[in-house]
Amino acid sequence: MKFHAPDYTRMEVYAHIGGQPLGMAFDATGDLYVCVGGMGLYRVGRANRAVEKVTDETNRSWNTVNDDSRLRLADDLDIAPDGRIFFSEATIRYEMGEWPIDSLEARGNGRIICYDPRTDKTQTVLKNLVFPNGICMAGDGQSLLFAESWACRISRYWFDGPDKGKVQVVIPDLPGYPDNINRASDGHFWIALMGMRGPSFDLAMRWPGFRRRMVKRLGQDEWISPNINVGCVIKCDLNGTVLESYWDKGGENHPMITSMREHRGYLYLGGISNNRIGRLRLEGADPQFIQHPISAG
Amino acid sequence: MLKQLKRARDRFFGVGEADTSVPVLDGPLKPNHILENAAVFFEADGLEDLCVTSDGRLAVASGTAVLALGEAGQAATLATLDEPIQALAAYRDGLVAATCGSLHFIGGRLDGRQYRLSSASFAGCINALCEHPDGSIIISEGSGRHAYEQWSRDLLSDGASGRVLQYSPERDQLHVLGQGLKYAYGALVDARGAVFTSESWAHRIVQIEQGGTRSIYQDLPGYPARLTRARAGGYWLAVFAPRNQLIEFVLRETGFKNEMMAQVDPKYWIAPALSSGRDFFEPMQQGGVRQMGILKPWAPARSYGLVVRLNASFEPQYSLHSRVGGMHHGITAVAEFNDALLVLSKGAGRVLRLPLSDIQ
């Protein structure tokens, strides 16, 4: 969908993707890259809005019996200054609609993948991540931040420079399940918490046998779930210090905020199981800020 | 050995003691919104029990106070006790209230008199009272191991230490009518003097007989609480919490539930509750995830509001509901007052008023 500036009351269908679109980012030329759950990484051309597949497979792991080369749940992406696209695949075991099962499994089923448009090659760069979700460039051209939802953890990964390949945990123990990460106009980062941890669910996570028997004996609606009927967005710096938090504690309007983006002085909020987009005026934010400015054309 | 084999078989097939299914709300228990939409008659913190006195006044227990409520819900304090009141009943020309350790007589001929309840296995879990035609008081005691406010711990510990007692003020004597009950919650005497109680953790109503109990109405979809007689014949049953498959499952997971009781704040246990959905630390189930901003009506309930109308032979006739996501949950007491049904929602801290002509 496209909402037209300046008042965003007029909207139109920008492009038909054919799957569940998740993370999105414009590149410098105005092409829109989209992670589509169940399909892979897609591109919507700026000129003709043509939808084309960028990639739907990566290299196969040499030590697995099943072929893990196909992308099952491409989730979020960001584009490095040199044009490489880093995107997360939340889980290699479950499809888009089955992500709650992964939340109960909470194992290292996910990975971060890099697509290089110069060579048209796709390569897995990090494996065994616990539902890697949000991806955001750290701003130094050499590293990115990524969120691992069920590990309640934010980490930083260096894809270039002297620390290439290094992974450092930035926030080890969030009180909720992080989803997307995006840039704020003041150089810090917005993190959406899709839900909050509860003591009984945390305890269940330490009892794998309990969870296994539960999924065998009970219907899916009866399973214990992370509490995602709550909306929360936090702002943190590159050291992991949380600076601000915004809440919908009762989940009245914005339960399960999975994504947020700052744009021209406002913070826009969205959730994958919701039917609305929220907008919050940010005091003192740069009114000209755009996360993915289109430079060419 | 045989027991272990049976347990292994049950666990493999998910039957017997491993069966986590719960009865559905159907037939006379078909859900509606009557309780949720009922007019609020009175609101206060710590509401616990209500009754109508012999001279036709409505009395409510709220925290440590006994209040008399007027026609329009205006309150006047009748008495204030030292401890929170756990049960209240009309007795002869006055009232009798139970706290953790004592019976207190309020108003009438016995005003000011107290009786100290104590025995070796007494945790103070008195939760309902009623007057017997022979002049004694029937008392239900939920648990001999856990205090009244720790009822969820009693459920998760497979509590079966409830008793039904009879106290005679004339002789100042207490004797036991029934014991070993899975949380006795409610005291009722019918016209012929037979004594009934709800056995909450067994989801049934039982008649207390010489040397045992007889199940009268079983397989309830919730945990039954206090019973009262209806003027038109039959009874009202308050059901204070719903049964839930996840909770049934947790009840069978001994290791998990013991660790949960040891480590987690009781408010956030996977256990029935009197109210829910106000705090995101509470456990949630996948069917309870809001979709498009809406909590779906099929979401599994942790708390619920339910009153069941029973006929003279304890068969359900119809029911009043406050469904998942509603306010008026945790119904613990019901009374008929001035052609209306007054329903006490402990979860919401409210007394609700429903004209009897509207619900029959």
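Residues numbered from 1 in each chain as written. Chains lettered and ligands numbered in written order. Predicted model: local features only at pLDDT ≥ 70, side-chain atom pairs only at ≥ 80, totals over all residues. Heavy atoms only, no water.

1. Examining a nonpolar patch on the surface
Rules: Patch membership is restricted to residues that have no salt bridge and whose relative accessible area is over 30%. Joining uses 9 Å for like charges and 5 Å for the nonpolar side chains Val, Leu, Ile, Met, Phe, Trp and Tyr. The Shrake-Rupley method, run with a 1.4 Å probe, gives the accessible areas here. Residue values count only the displayed protein chains as cover. The rule for a salt bridge is simple: a side-chain nitrogen of Lys or Arg has to be within 4 Å of a carboxyl oxygen of Asp or Glu. A run of H or I in DSSP becomes a helix once it reaches four residues, and a run of E becomes a strand once it reaches two; helices and strands are each numbered from the N terminus.
There is a patch of nonpolar side chains on the surface, built from Met1(A), Phe3(A), Met11(A), Val13(A) and Ile277(A) and spanning about 500 Å² of accessible area. Note that Met11(A) resides in strand β2 (residues 11–12).

2. Some details on the packing of aromatic side chains
All names here are of chain A. Inclusion rule: Aromatic rings from Phe, Tyr and Trp, taking only the six-membered ring of Trp, are treated as a pair when their centres fall within 6.5 Å; an angle between ring planes under 30 degrees marks them as stacked, one over 60 as edge-to-face, and anything in between as tilted. Relative accessible area decides the class of each residue, using a 1.4 Å probe on protein chains only: under 20% of the type maximum gives buried, over 50% gives exposed, and in between gives partly exposed. When the NZ atom of lysine or the CZ atom of arginine is within 6 Å of a ring's centre and also within 35 degrees of its normal, the charge is said to sit over that ring.
Applying the stated criterion across every chain yields a total of 28 aromatic pairs over all chains. Measuring from ring centre to ring centre gives 4.8 Å for phenylalanine 131 and tryptophan 150, while their planes differ by 40°; the resulting arrangement is tilted. One end of the pair, phenylalanine 131, is in the loop between β10 (121–129) and β11 (132–137); the other, tryptophan 150, is in the loop between β12 (143–148) and β13 (153–158), and 19 residues separate them in sequence. When sorted by exposure, phenylalanine 131 lands in the same class as tryptophan 150, which is buried. Residue placement shows lysine 166 over the ring face of tryptophan 158; its charged tip is 4.9 Å from the ring centre. The residue whose ring lies beneath arginine 281 is tyrosine 266, and the NZ or CZ to ring-centre distance is 4.9 Å.

3. Comments concerning the nonpolar core
Going by this rule: The definition of a nonpolar core used throughout is a set of buried Ala, Val, Leu, Ile, Met, Phe, Trp, Tyr and Cys residues joined through side-chain atoms within 4.5 Å. Residue contacts are defined here by distance: any two heavy atoms, one from each residue, within 4.5 Å place the two residues in contact.
Counting residues in each nonpolar core, the largest one holds 82 residues, and the members touching the most others are Met214(A), Phe240(B), Met260(B) and Leu341(B). Apart from the residues lying within four places of it in its own chain, the contact partners of Leu341(B) are Trp236(B), Leu320(B), Val334(B), Ala335(B), Glu336(B), Leu352(B), Arg353(B), Leu354(B), Leu356(B) and Ile359(B). Within the second largest apolar cluster, 19 residues are counted, among which are Phe196(B), Tyr235(B), Leu237(B) and Val308(B).

4. Some remarks on the environment of Arg153(A)
All names here are of chain A. By the element assignment, arginine 153 lies in strand β13. Take arginine 153: its relative accessible area is 27%, and that puts it in the partly exposed class. Considering only alpha carbons, one finds arginine 153 and valine 130, 23 residues apart in sequence, at a separation of 9.1 Å. For arginine 153, the contacting residues outside a window of four places in its chain are Val130, Phe146, Ala147, Glu148, Val169, Ile171, Pro172 and Pro178.

5. Some words on the interface of chain A and chain B
We apply this condition: Summed over both partners, buried area is the accessible surface (1.4 Å probe) that two parts give up on being assembled. Polar contact criterion, stated in full: a pair of N or O atoms within 3.5 Å, where within protein one must be able to donate a hydrogen and the other to accept it, and residues adjacent in sequence count only if both atoms are side-chain atoms. Residues are grouped as follows: Ala, Val, Leu, Ile, Met, Phe, Trp, Tyr, Cys and Pro are nonpolar; Asp, Glu, Lys and Arg are charged; all remaining types, including Gly, are polar. When DSSP finds two or more bridges between a pair of strands, those strands are recorded as paired.
Counting from both sides, the interface comprises 38 residues of chain A and, opposite them, 36 residues of chain B. Three residues stand out in chain A for area buried against chain B, namely Phe210(A), Arg217(A) and Glu222(A), and they jointly supply 20% of the buried area on that side. In this structure, the connection of chain A to chain B is made through 1 salt bridge. Residues Arg213(A) and Glu253(B) are paired through a salt bridge, measuring 2.6 Å at the closest nitrogen-oxygen approach. Between the two partners, chain A and chain B, sit 14 residue pairs in polar contact (both at pLDDT 80 or more). Elements with a minimum of two residues in the side of chain A that touches chain B: α1 (99–105), α2 (199–205), α3 (208–217) and β17 (224–225) of chain A. A per-class count over the side of chain A that touches chain B returns 17 nonpolar, 12 polar and 9 charged. Relative to strand β20 (residues 284–285) of chain B, β17(A) is paired through 2 bridges, and the arrangement is antiparallel. Its bridge partner lying in β20(B), Ile224(A) is registered against Gln285(B).

6. What about the pattern of salt bridges?
Residues and elements named next belong to chain B. Evaluated as defined, the whole model comprises 36 salt bridges over all chains. We note a salt bridge from aspartate 158 to lysine 257, for which the minimum N-O separation is 3.2 Å. Of this pair, aspartate 158 sits in the loop between α2 (151–156) and β12 (162–168) while lysine 257 is found in helix α4 (residues 254–263), placing the two residues 99 residues apart along the sequence. For aspartate 158, a relative accessible area of 52% corresponds to the exposed category.

7. Remarks on the side chain of Ser61(A)
Inspection of the secondary structure puts Ser61(A) in the loop between β6 (51–55) and β7 (74–79). In this structure the side chain of Ser61(A) is engaged in a polar contact, spanning 3.2 Å, whose partner is the side chain of Lys127(A).

8. Focus: unusual backbone geometry
In this model, Met256(A) sits at a positive phi of 50°, which is unusual for a non-glycine residue. Its place among the elements puts Met256(A) in the loop between β19 (242–248) and β20 (259–263). Unlike most non-glycine residues, Asp219(B) shows phi in positive territory, near 60°. Of note, Asp219(B) is situated in the loop between β17 (212–217) and β18 (222–229).

9. Let's talk about α4(B)
Test applied: In this description, one arc is meant: the one made by directions from the helix axis to the C-beta atoms.
Those residues of α4(B) not exposed but buried are Phe256(B), Lys257(B), Met260(B) and Met261(B). All buried residues of α4(B) lie within an arc of 130° about the axis, which places them on one face of the element. Of the surrounding secondary structure, the elements contacted by the buried residues of α4(B) are α2 and α3 of chain A together with α2 and α3 (245–251) of chain B.

10. With respect to the environment of Arg72(A)
Residues and elements named next belong to chain A. With respect to the helices and strands, the residue arginine 72 is situated in the loop between β6 and β7. Residue arginine 72 is classed as partly exposed on the basis of its relative accessible area of 30%. In this structure the C-alpha to C-alpha distance between arginine 72 and glutamine 123, which are 51 residues apart in sequence, comes to 15 Å. Not counting chain neighbours up to four residues away, the residues in contact with arginine 72 comprise Gly37, Gly38, Glu89, Thr91, Ile92, Arg93, Tyr94 and Glu95. In this structure the side chain of arginine 72 is engaged in a polar contact, spanning 2.8 Å, whose partner is the side chain of glutamate 95.

11. Details of the sheet that holds strand β25 (residues 350–355) of chain B
Residue and element names in this part refer to chain B. Threshold: Where helices are involved, their axes are fitted lines through C-alpha atoms of the stretch in contact, as for all axes, and angles between N-to-C directions lie from 0 to 180°.
What the 4 strands build is an open sheet, ordered β1-β25-β24-β23; its pairing is antiparallel. In this open sheet, the two edge strands, each paired with only one partner strand, are β1 (39–43) and β23 (331–337). Direction aside, the axes of adjacent strands within the sheet are offset by 25° on average. Note that β1 and β25 share 4 bridges and pair antiparallel.

12. Let's talk about the layout of surface pockets
Residues and elements named next belong to chain B. Formally: Site definitions follow a grid-based scheme: protein atoms alone, a 1 Å grid, a 1.4 Å probe that fits but cannot get out for cavities, and for pockets an open set with protein on both sides within 12 Å along at least five of seven lines, plus lining residues having an atom within 4 Å of a point. Grid points are joined across faces, edges and corners, and a volume is the space filled by probe spheres set on the points.
Taken as a whole, the second largest pocket encloses approximately 890 Å³ of empty space. Considering the residues around the second largest pocket, the lining is formed by 34 residues, among which Glu149, Trp151, Lys267, Leu274 and Lys346 are closest to the centre. Contributions of two or more residues to the lining of the second largest pocket are made by β2 (47–52) and α2. If you tally residues by element for the lining of the second largest pocket, the top one is α2, at 3 residues. For the lining of the second largest pocket, the per-class residue count stands at 15 nonpolar, 9 polar and 10 charged.

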